[in-house]
Amino acid sequence: MSSRAGSNHGSRPEQEPLNAVLAKAETRINRRVSQSTTARAMLKDLQGRSFAINISGPDLRIVCRATSRDIQLYSDVEHEADAELAGSPLSLLRLLTDEPRTLINAGHISLSGNTDVAEAFQALFALVKPELEEELAGMVGDSAARQLTLIGRDWRRHRSALLLGVRVFYIV
């Protein structure tokens, strides 16, 4: 874990619990980076660059900063980043299932700054993205993790069908 994880780089006191969560996430991300030659090479290309995620509603800002050997995550409300992604919590969650360009073009999220840096961070995070079932298994056991993963997949299918139904209703 880097020395910056969990530190208060311009963060407000109410964001300290967020910094604790970010420190854990940073550790997991960096473990996966260390296991991938491609990720380590991508990290070196991003060295010194930063990417911020601005979450409206709770007004949170999470900064991802690349060093030559790891990713640093922290809450920061003062320092400028090379690229910034902004949106509501629900819009940002849609990034898990939808293409960023689709959400940007629809106006659900916004991207500012250096788009090359944003795309490089996106590619790095996609490469080191943890397998949900694997992460859950470490917390709740293999069987429960499998069941939770299946429930999540079913929910996504039902959500897609529901959204399609809502769209058809409004068109008709």
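Given the structure is predicted, the values throughout are model-derived calculations rather than measurements.

Engineer: Please clarify how the packing of aromatic side chains should be interpreted in this entry.
Structural biologist: Tallied over the entire structure, the rule returns two aromatic pairs. Taken together, a centroid distance of 5.8 Å and an interplanar angle of 20 degrees make the contact between Phe51 and Phe121 stacked. Separated by 70 residues along the polypeptide, Phe51 in strand 1 (residues 50–55) and Phe121 in helix 5 (residues 115–128) bring together distant segments of the chain. Owing to a relative accessible area of 0%, Phe121 belongs among the buried residues under this scheme. Taken together, a centroid distance of 6.0 Å and an interplanar angle of 35 degrees make the contact between Phe121 and Phe125 tilted. Within this pair, Phe121 and its partner Phe125 are both found in helix 5, separated by four residues, close to a single helical turn.

Engineer: How should the environment of Gly113 be read in this particular structure?
Structural biologist: With respect to the element layout, Gly113 can be found in strand 5 (residues 109–113). Put simply, Gly113 and Glu80 are 33 residues apart on the chain and 9.7 Å apart in space, counted from C-alpha to C-alpha.

Each value, and the rule that gives it
Residues numbered from 1 in each chain as written. Predicted model: local features only at pLDDT ≥ 70, side-chain atom pairs only at ≥ 80, totals over all residues. Heavy atoms only, no water. Phe/Tyr/Trp six-rings, centres within 6.5 Å; stacked < 30°, edge-to-face > 60°. Helix = DSSP H or I, 4+ residues; strand = E, 2+ residues; numbered from the N terminus. Buried < 20%, exposed > 50% of the residue type's maximum accessible area, 1.4 Å probe, protein only.

All we've got here are geometric facts, nothing functional implied.
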